[in-house]
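# Structure at a glance
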Amino acid sequence: MPTGKTAKSIEKTFWVVSKDNQIEEVTEKELMTNPEKYLKKEIWQKPPYHYELVVSLKRIKD
């Protein structure tokens, strides 16, 4: 019997900025279970972008 595709549950992640401008990645579940810890802090939704640094060499003709 064929089974249907199951959707992956993507947890939302947030950035919590402390007074020292340090960023901590926190899931939505952590924010909801312990909100007192994050009350006076700045919270940003983590963007879904992923960057990779690519370095290449270019040959120079003499």
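In this text, all values refer to a predicted model and were calculated from it rather than measured experimentally. (Residues numbered from 1 in each chain as written. Predicted model: local features only at pLDDT ≥ 70, side-chain atom pairs only at ≥ 80, totals over all residues. Heavy atoms only, no water.)

Looking only at helices and strands, the protein chain has one helix and three strands in total. When the elements of the protein chain are put in sequence order from the N terminus, they spell out β-β-α-β. Across the 62 residues that make up the protein chain, the buried fraction comes to 11%. Taking all contacts inside the protein chain whose residues are at least 6 apart in sequence as the whole, residues at least 24 apart take part in 39%. Here the protein chain displays about 6900 Å² of accessible surface, and carbon together with sulfur accounts for 55% of that area. (Helix = DSSP H or I, 4+ residues; strand = E, 2+ residues; numbered from the N terminus. Buried < 20%, exposed > 50% of the residue type's maximum accessible area, 1.4 Å probe, protein only. Contact = heavy atoms within 4.5 Å. Areas by Shrake-Rupley, 256 points an atom, 1.4 Å probe, with all protein chains shown as cover.)

Below, the discussion takes up the environment of Ile 43. On the secondary structure map, Ile 43 appears in strand S3 (residues 42–45). When the C-alpha positions of Ile 43 and Val 16 are compared, they lie 4.6 Å apart, and in sequence the two are 27 residues distant. Sequence-distant contacts of Ile 43, that is, excluding residues within four places in its chain, are made with Phe 14, Trp 15, Val 16, Leu 31 and Tyr 38.

What follows is about the nonpolar core. If you look at the biggest cluster of nonpolar residues, it comprises five residues: Phe 14, Val 16, Val 26, Leu 31 and Tyr 38. Not counting the four nearest positions on each side in its chain, Phe 14 is found in contact with Glu 24, Glu 25, Val 26, Glu 28, Leu 31, Ile 43, Trp 44, Gln 45 and Lys 46. (Core = buried A, V, L, I, M, F, W, Y, C linked by side-chain atoms within 4.5 Å.)

With that out of the way, let us pick up the sheet that holds strand S1 (residues 13–17). Read from one edge of the open sheet, three strands run S2-S1-S3, paired in antiparallel fashion. Strands at the two margins of the open sheet, each flanked by one partner only, are strand S2 (23–27) and S3. Taking the axes of each pair of neighbouring strands and ignoring which way they run, one obtains an average angle of 30° across the sheet. Pairing geometry for S1 and S2, over five bridges, is antiparallel. Pairing of Phe 14 across the sheet is with Val 26, part of S2. (Pairing = 2+ DSSP bridges. Axes fitted to C-alpha atoms, helices over the stretch in contact; angles between N-to-C directions.)

Another aspect to go through is a negative patch on the surface. A contiguous patch of negative charge on the surface is contributed by Glu 11, Glu 24, Glu 28 and Glu 30. Along the chain, Glu 28 turns up in helix H1 (residues 28–33). (Patch = residues over 30% accessible without salt bridge, like charges linked within 9 Å, V, L, I, M, F, W, Y side chains within 5 Å. Salt bridge = Lys/Arg side-chain N within 4 Å of Asp/Glu carboxyl O. Lys, Arg positive; Asp, Glu negative; His and termini not counted. Charge placed at Lys NZ, Arg CZ, Asp CG, Glu CD.)

These figures capture arrangement, not role.
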